[in-house]
Amino acid sequence: MRRIGVFVCHCGINIAQTVDVEALSEYASHLNGVVVAKHYKYMCSDVGATLIKDTIKEFKLDGVVIASCSPRMHEHTFRRVANDGGVNPYRVEISNIREQCSWAHSNKEQATEKAKYLVRSAVSKALSLEPLKPSTLKVIPEALVIGGGIAGIQTSLDLADDGFKVHLVEREPSIGGHMAQLDKTFPTLDCSSCILTPKMMEVANHENIELLSYSEVASIEGSIGNYTVKIRKKPRYVDVDKCTGCGDCATACRLKDRIVSEFNQGMGKRGAAYMPFPQAVPLKYVIDDKKCLFLTKGKCGDEPLCKKACAPGAINFDQKEEIIERKVGAIVVATGYDVMDPTAVYEYGYEVSPDVITTLEMERLISSSGPTKGEILRPSNQQKPKSVTFILCVGSRDETQCTWCCRIGCMTALKQVYLLREKLGEDVEINVCYNDLRSFGKGYEEFYRKVRGLHTNMFRGRPSEVRTMKEYLKIDIFDTTTNKLFEIKTDMVVLVPAMMPRTDATEFARLLHLTLSGDGFFLEAHPKLRPVDTFVNGIFIAGCCQAPKDIQDTVSQASAAASRAATILSQEELEIDPLIAMVDEDVCTGCGICVEVCPYEARTLNERKRIAEVNDALCTGCGGCIAACPSNASIHKNFTKKQLLNMVDDIM
Amino acid sequence: MKKKYSLFPGCLMPTEQYAYELSIRETLPLLGVELVDVEGFSCCGEPMKSVNQLLTVYLSARNLAIAEKHHLDVFAPCAMCHLALTECQHILEENPAMKERINGMLAAEGLQYTVKRQVVHTVDLLYDQVGIEKIKEHVKKPLNGLKIAAHYGCHIIRPSEIGRPDDSENPQKIEAILKVLGAEPVNYPQKLDCCGAPLLANLPESALTKTGQKLQAIQEQGIQGMVDVCPWCHKMFDSRQTKAGETVAAKLDVPVLYLTQLLGLAMGISGEKLGLELNLSPVEKLQLGDVK
Amino acid sequence: MSIIDLTSMGEPQSDLRKELNDRLTKLQDEISDYCFQCAKCTSGCESHKLLELEPHKIVALLKRGLLNELVNSDVIWTCMTCLKCRERCPQRVAPVEILFALKNMAVASGKQIPGKYTGMLQSILSMGLIQDIQQTTTRTNKTLKRDELGLPPLSKPIDVVKFQAGIMKIAMEKV
Ligand code: SF4
Ligand code: SF4
Ligand code: SF4
Ligand code: SF4
C-alpha cells in the first residue's frame, strides 16, 4: 500500500481567496492512498518546507502531492524538500491550483470543486510515479568562444584566467571586431585601440587560449558538458609559424593599393597580400583568395611577387582548407552585429552622394590610422568641410526597417561632434538632427550637456530626405522645438545607421539550436533573470548578438557569460535530468522514425539489436519521439501513457 | 545686541505705500532694531531692468555705496529692491571688470562699492535677526487662531542661486512668525504664485488678472486674510483689490495686511499708528484691536 | 554652410547671438546652449497662462540665432519676472534673463518702449525715483500725504545734476 501526503498551499491569498483550502485539504485526506493532507500559508517558505519534511517522517510517506503554483515556479524546490525528507524527488507531483485554478476563476465554490478534481488526478499520478535516479556525465573543462570582438575577447580572457582552456574562433583574419575600427570611445574618450590592443595581445599570448582566427564553426554535436565542435580553418596562404609580420609581401603585391579595404569601410585601399590593420592579432599576413591574381587566374606576372619578397618563405599557395575538431564543456556565442546598409533608407542619399557617409566611416576618417590619417576631408573633393550634419536613427525605431533602438547611435554621434569640433575648430557648423536623444549610461548625460555647449545646432526631428545639389547637400528639417522648417545647406552628412543581427544569424542559430527573438537577435532564456543563458543548456550569449549595446554593457555581459560557463566547467560531473525518453526494447521495431524526428540528435539506431536507443546526455525530454513512434515503444519516464490516462480518468 | 540698519525705502513704499513704512517704523525699534535714515538714496533700478540692465546694476551699486559710506548694513523692505541690491552684489563680486567699470562711474558722485554689506528684507530681518523668541516676548494681543495666508512674493524667494531670504519652494518663515503671533498660517496651493505687479507698467489688465486669480483662490478656500511683505504685492492685493476682482468677475473681499501691520497689532500697537486706515481691503472684518 | 528658417524666411544673426550670450554670461553665468527643450519653464510660466509667452521657445530661437524675430516681437514684453523659469530649469538656463536681454536689445535698437517705462525713466532722471510723493486715500475716503502721517522726508539724490550725469553715461554704454 502506497503512502501519499497532500500539501495545499494558500500562496498568501493568491490561492486561498478563491479556493477553500481547508475544504480542499479535508477532501484530499480521504482520497485513496492518501494518509495525510495539510495546508499552509506559504509551502515554499522555510516553515512550509519543514512542515513537509516532518510530515514525511511522521507518516512514513513514500509520495508527495503539492497543490500550489505552476511547476515552473517551484517544482525544483519541492523535489529537493522531498528528497531531504526521504522521498525520491521524482515521486513528487505538483497540482497547479493557482495559474490553472484560483487565478483563472472568481467563483469560490466552483473553483474549490475544480481544485478537488485537479488534486485527485495528481494523487492518482503520484500513486504510479516511479522513483528515478539522475545519471551523470563527465564535464570537459574547456570552452568554445565564437567571435573575437570585444565580447569574445573578454569572455575568453575571463575563462582562461579561471584556468579553463579556451578555443576562440574568429572568422576574420584578426580578432578585434568593430571596436578595433573605432577612434575613441564615449563618454570617456579613451582611445579605442589603446584599451583594446593590450587585451588582444593578452589573448594571443595566454597559455590557456587557442586562437583560431580566419576560422568558422562547421558543426556542433553533443550537449552541456560534452560538445564536439568541428571548425573550418580557411587557408591564409601564409604559414603563420614562418610569417614574421614584416609586410614585405604586402609591399611587393602587384595589387597593392588596388583593393578596397573592409577595415576602413571602403575608404582606404590595400593589396591582395595584406594585414587588416596595424595592430592585428595574430600579427600575420593573409592573402585574399578572392582577389589574388595567382589564386584566381593561376598566374601573377612571371611569378608571385609576394612569394619572391618573403624572406622566411612563409607564402604557401598549396594551403588547403582544414577541418579540426575540439571537445568542450560549454560554449559562449559572441558573434556581434552588422551595421545596417543605409541604402535601405534611400531618401538619405547614401548611394547618391559620396559625401553622405555612416558613423563607422566617419570613425575611420577621424582615426589617425585611417585612410586620411585623421584629417576630416569631404570625400567628394578632399577639402575640409565647412558644415557637417548628423542624422540620427537612420533605419532605427522604424517599423519599416529596424523597430528597435540601436542604443549607441546618439552617443556615437555626440562623441563624433565632440571630436569634429576639436579637429575642425570653432567656425565649422555642426548640426544634429535627432528624434529623441538617449544618453542613459554613466556619464552619458553629462557628455551630452558638454556637447550642447559646443555650439552644436540641435534640431529635433527627422529630415525627410537629403538632396544632392551641385555644390552641397540640402536638408529640410522641421524642428519641433521652434516649430519651424529649416533649410540646412551642408557639406557632409553623417548617417547613424541601425544595428542589425548578423546576416547569417538564422543559419547560425540553427547550427546551435538557438532561438531568435522577433528582431532576429539571439534570444536569452529570461530577459531579466537569465540574460546570458540560452534555451540550450551549456550555451551562453554575450554582446551585440543578443541585442544592440555599447562597449560597457558588452564587456559586462561577456564577463557574465564567462562566469555562467565557468559554473559548468568547474564541475567534474553533471547530473542529467532523468525525465527523458526511453525505449521499450521488447516493442521497438527499429523503424527509425524517432531518429528522424529528434531535433537534438539524441536518437540512434542500434543496427545490431535492431532497436532505437536514446543518448541520455542529449535528450531534452521534448517528447517528439513519443508522439512519433508508431509502435508505442518510445516512453517518457514518469509521463507514461498509463499514468496520463489514469489522471484523465480521475478528472472525468 | 542692538541691530542697526540703514532703511532703504526704494520708490514705492515712501511715495504711496505709507502703511508699510509706518508699521515698520512702529514695530522694529521695539524689537531692538535701530533704523537709520540716510539721505541721497535713489531707485534701486529694478523697474528699469527691462530697459537697461546696466542702469539697474549702476543704481543698485550706487545705493549700496551710499550705505557703505555710512558703514551701515541695508534693510530693504521691498522685494524688488532686495533682489536688485542682492543681484548687484552678486554681479560685482563675481565680475571684477564690471565692478571696476561701475566704480569708475560712481566716482563722479564721490561713491565707491568695495565691501559686500549685509542686505536684509523684512522676512529674514524678523526671523533670523530678531528671532522668533524675541517676537514672542512682545506679543501682547495674540491673534486667536486667525486663518491667514502668507504671500511671499517672487523676488524674495527666487532665484535661490544668489541667496534669498527664504526657501524658494517651501518658504516657512512668515508662517513661523504668524504662529507666534497666535494666528494659524494656512498652506494653500497658490502660495508661490506671482502678484502680477511687474506687468503693471505695460499690461495692467493682465497684471490685475493675475492678482484677481490668486485672491479668488484664497477667498474660495475660506481663508480669513492674507499678509504680504512687499509694496508692489500690496499695491496689487490691497490697493487694487476691487479692480482685480473685476478682471476675474468676482467680488473680492479678502483682508490684506502687511506682515508688519499684523505684527504691530499683536504687539498691542494701535491700528492708526500702523496705518491700517490706509488699507483699502476690508481689514475691519478681522476685528482686530481698534481697526474699523 | 548655412541654415535658413523657411517658415519666416529669417536668417540666423550669429553676431547678435554672440553679443547676447556674452552679456548674459557677464551678468548671470547664463548659458542658453545647455537648454534641452524640456519646456519645464513654459509649463510653470506665470505669463503663459494669460498671454502667449513660451519661454522654452524663446531659448530655442536664441539657440538658432533667430534674434530679429524675437527683438521685434511684443511677446518678450509679457514676462512677469516671476523667476520661476530660472529657479526651476534643470539645466540652469534662465529664460527670464534672456528676456531681459532681448528687451534691452529692443530698446537699444530704437524700438518703441511700451507702457509706462519711459515715464518712470524720466522720473528717475529728474528726481531719482520712479514717482514723486503721491496722495493716498483711506478706507473712509480721506486723502493723505506722506508728511501728514508723520513720516520723515523722502530720501533721494541730493545733487541731481551729478546724478543725472551718471545715468546719461550709462545710457551710452552696453553691458
Ligand atoms: S600572388 Fe601576386 S597578387 Fe597575389 S598576393 Fe602575391 S603578389 Fe599579390
Ligand atoms: S525526447 Fe526523443 S525526440 Fe526529444 S530529445 Fe529525447 S530522444 Fe530526441
Ligand atoms: S530653459 Fe530650462 S526649463 Fe526651459 S526648456 Fe530649456 S532646459 Fe527646460
Ligand atoms: S519669469 Fe517670465 S518667462 Fe519666466 S516663468 Fe516667470 S513669467 Fe514666465
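In this text, all values refer to a predicted model and were calculated from it rather than measured experimentally.

J.: Help me understand the overall build of chain A, please; the structure alone is not making it clear to me.
T.: Assigned secondary structure in chain A consists of 18 helices and 34 strands. Taken over the C-alpha atoms alone, chain A extends approximately 90 × 70 × 40 Å along its principal axes. Of all intrachain contacts in chain A linking residues separated by at least 6 positions in sequence, the fraction that spans at least 24 positions is 69%. Positive and negative charge centroids in chain A, built from 79 and 84 side chains respectively, lie 1 Å apart.

J.: Before we go on, may I ask you to explain the overall build of chain C in this structure?
T.: Tallying secondary structure elements over chain C gives 8 helices and 3 strands in all. Reading chain C from its N end, one meets helices and strands in the order β-α-α-α-α-α-α-α-β-β-α. Against the compact-globule benchmark of 16 Å for 175 residues, chain C has a radius of gyration of 20 Å, which places it well outside the compact range. Structurally, chain C occupies a C-alpha span of about 65 × 40 × 30 Å along its principal axes. The proportion of buried residues among the 175 residues of chain C is 53%. Here chain C displays about 8,000 Å² of accessible surface, and carbon together with sulfur accounts for 53% of that area. With 24 positive and 20 negative side-chain charges, chain C shows a spacing of 6 Å between the two charge centroids.

J.: I would appreciate a short explanation of the site of ligand 2 in the present structure.
T.: Close contacts around ligand 2 come from Ala581, Cys598, Tyr600, Ala602, Arg603, Cys619, Thr620, Cys622, Gly623 and Cys625 of chain A, and that covers them all. In the shell around ligand 2, the residues fall into 7 nonpolar, 2 polar and 1 charged.

J.: Can you help me understand the sheet that holds strand β3 (residues 73–75) of chain B in this one?
T.: Hydrogen bonds along the backbone pair up the strands of a sheet, which may run parallel or antiparallel. All names here are of chain B. Taking strand neighbours across the sheet as the criterion, the 4 strands line up as β2-β1-β3-β4 in an open arrangement whose pairing is parallel. Here the strands that pair on one side only, and so sit at the sheet edges, are β2 (33–36) and β4 (119–120). Alignment of strand β1 (residues 3–7) against β3, held across 3 bridges, turns out to be parallel. Its bridge partner lying in β3, Leu7 is registered against Phe75.

J.: Can you walk me through the domain arrangement of chain A in this structure?
T.: Considered domain by domain, chain A is made up of domain 1 (4–126), domain 2 (136–234 + 321–337 + 508–573), domain 3 (248–309), domain 4 (339–500) and domain 5 (579–636). Spacing between the C-alpha centres of domain 1 of chain A and domain 2 of chain A amounts to 43 Å.

J.: How do you make sense of the site of ligand 4 when you look at a structure like this?
T.: Every residue near ligand 4 is listed here: Cys45, Ser47, Leu53, Pro55, Cys79, Met80, Thr81, Cys82, Leu83, Cys85, Val96 and Leu99 of chain C. Residue composition of the shell around ligand 4, by class: 10 nonpolar, 2 polar and no charged.

J.: Before we go on, may I ask you to explain the interface of chain C and chain B in this structure?
T.: Quoted interface sizes are often the accessible area lost when the parts come together. Listed by partner, the interface residues are 67 residues for chain C and 74 residues for chain B. Counting the surface lost from both chain C and chain B, the interface buries some 6,100 Å², and carbon and sulfur atoms represent 59% of this. A per-residue breakdown of the area chain C buries against chain B is headed by Glu87, Arg139 and Ile170 of chain C, which together make up 13% of the total. In this assembly, chain C and chain B are joined by 9 salt bridges. Of the charged contacts, one joins Lys210 of chain B and Glu46 of chain C as a salt bridge, the two residues approaching to 2.8 Å between their closest N and O atoms. Seen at the junction of chain C and chain B, the total is 35 residue pairs in polar contact (both at pLDDT 80 or more). Looking at the side of chain C that touches chain B element by element, the count peaks at 7 residues for helix α8 (residues 160–172) of chain C. For the side of chain C that touches chain B, the residue count by class is 32 nonpolar, 14 polar and 21 charged.

J.: Is there a simple way to explain the sheet that holds strand β22 (residues 429–434) of chain A in this structure?
T.: All names here are of chain A. The strand order across the open sheet built from 5 strands is β20-β27-β21-β22-β23, with neighbouring strands paired in parallel fashion. Each of the sheet's edge strands pairs with one partner strand only, and the pair in question is β20 (356–358) and β23 (456–460). Averaged over neighbouring strand pairs, the angle between their axes works out to 25° when direction is ignored. As paired strands, strand β21 (residues 387–394) and strand β27 (residues 492–497) are joined by 5 bridges and run parallel to one another. Opposite Val388, over in β27, you have Met492 as the bridge partner.

J.: I tried to follow the domain arrangement of chain C on my own but got confused; where do I start?
T.: Splitting chain C by domain gives domain 1 (14–108) and domain 2 (115–174). With centres defined by C-alpha atoms, the gap from domain 1 of chain C to domain 2 of chain C works out at 30 Å.

J.: Honestly, the pattern of salt bridges in this entry has me stumped. Any pointers?
T.: Residues and elements named next belong to chain A. Per the stated rule, a full pass over the model turns up 57 salt bridges over all chains. A salt bridge links Glu216 to Arg171; the shortest N-O distance between them is 4.0 Å. Here Glu216, found in strand β11 (residues 215–223), pairs with Arg171, found in the loop between β7 (165–169) and β8 (184–185); they are 45 residues apart in sequence, far enough to count as distant. Note that Arg378 is salt-bridged to Asp491, the shortest N-O span being 3.4 Å.

J.: What should I look at first to understand the state of the cysteines in this one?
T.: Going through the model one piece at a time under the given rule, you end up with 1 disulfide over all chains. Here Cys544 of chain A stays free of any disulfide, with the sulfur of Cys545 of chain A as its closest cysteine sulfur at 8.0 Å.

J.: What's the story with helix α5 (residues 96–106) of chain B in this structure? I'm lost.
T.: One turn of the α-helix equals 3.6 residues, which is why residues spaced by three or four share an orientation. Along α5 of chain B, the residues classified as buried are Met98, Ile102, Asn103, Met105 and Leu106 of chain B. Here the buried residues of α5 of chain B occupy an arc of 155° about the axis, which is enough to place them on one side. Of the residues in α5 of chain B, the exposed ones pointing more than 90 degrees away from the buried face are Pro96, Ala97 and Glu100 of chain B. Check the buried side of α5 of chain B and you find it contacts α3 (53–69) and α4 (79–94) of chain B together with α1 (14–28) and α8 of chain C.

J.: Where do I start with the packing of helix α6 (residues 122–130) of chain B against helix α9 (residues 173–180) of chain B in this structure?
T.: Axes are the key here: two packed helices are described by the angle between their axes and the distance separating the axes. All names here are of chain B. It is the contact of α6 with α9, at a shortest axis distance of 10 Å, that shows an interaxial angle of 60°. Here α6 lies oblique to α9, going by the angle between them. The two elements α6 and α9 cross, and the hand of that crossing is left-handed. Residue-level contacts link Val123, Leu126, Tyr127 and Asp128 of α6 to Lys173, Ile174, Ala176 and Ile177 of α9.

J.: Which parts of the structure should I look at to understand the pairing of strand β32 (residues 603–606) of chain A?
T.: Where a strand is regular, its side chains alternate between the two sheet faces. Residues and elements named next belong to chain A. Here β32 pairs with strand β33 (residues 611–614) via 4 bridges, running antiparallel. The residue of β33 that forms the bridge with Thr604 is Glu613. Remark: 4 residues form the turn of the hairpin made by β32 and β33, two consecutive strands paired antiparallel; Arg610 in that turn has positive phi of roughly 55°.

J.: Please explain the interface of chain C and chain A as it appears in this structure.
T.: Every contact between the two is made by 22 residues of chain C and, on the other side, 28 residues of chain A. Both faces combined, the contact of chain C with chain A buries some 2,200 Å², and carbon together with sulfur accounts for 51% of it. The salt bridge involving Lys484 of chain A is made with Asp5 of chain C; its shortest N-O contact spans 3.0 Å. Scanning the region where chain C abuts chain A turns up 10 residue pairs in polar contact (both at pLDDT 80 or more). Going through the elements one at a time, β1 (2–5) and α3 (55–64) of chain C are the ones with two or more residues in the side of chain C that touches chain A. In terms of residue count, α3 of chain C provides more of the side of chain C that touches chain A than any other element does, 5 residues in total. For the side of chain C that touches chain A, a count of residues per class yields 10 nonpolar, 5 polar and 7 charged.

The rules behind the values
Residues numbered from 1 in each chain as written. Chains lettered and ligands numbered in written order. Predicted model: local features only at pLDDT ≥ 70, side-chain atom pairs only at ≥ 80, totals over all residues. Heavy atoms only, no water. Helix = DSSP H or I, 4+ residues; strand = E, 2+ residues; numbered from the N terminus. Contact = heavy atoms within 4.5 Å. Lys, Arg positive; Asp, Glu negative; His and termini not counted. Charge placed at Lys NZ, Arg CZ, Asp CG, Glu CD. Rg over C-alpha atoms; globule rule 2.2 N^0.38 Å. Buried < 20%, exposed > 50% of the residue type's maximum accessible area, 1.4 Å probe, protein only. Areas by Shrake-Rupley, 256 points an atom, 1.4 Å probe, with all protein chains shown as cover. Near = heavy atom within 4 Å. Nonpolar A, V, L, I, M, F, W, Y, C, P; charged D, E, K, R; others polar. Pairing = 2+ DSSP bridges. Domains from an automatic or database assignment. Buried area = accessible area lost by both parts, 1.4 Å probe. Salt bridge = Lys/Arg side-chain N within 4 Å of Asp/Glu carboxyl O. Polar contact = N/O pair within 3.5 Å; in protein donor to acceptor, adjacent residues only side chain to side chain. Axes fitted to C-alpha atoms, helices over the stretch in contact; angles between N-to-C directions. Disulfide = S-S within 2.5 Å. Arc of directions from axis to C-beta. Parallel < 35°, antiparallel > 145°, perpendicular 65-115°, else oblique. Left-handed = near helix turned anticlockwise from the far one by under 90°.

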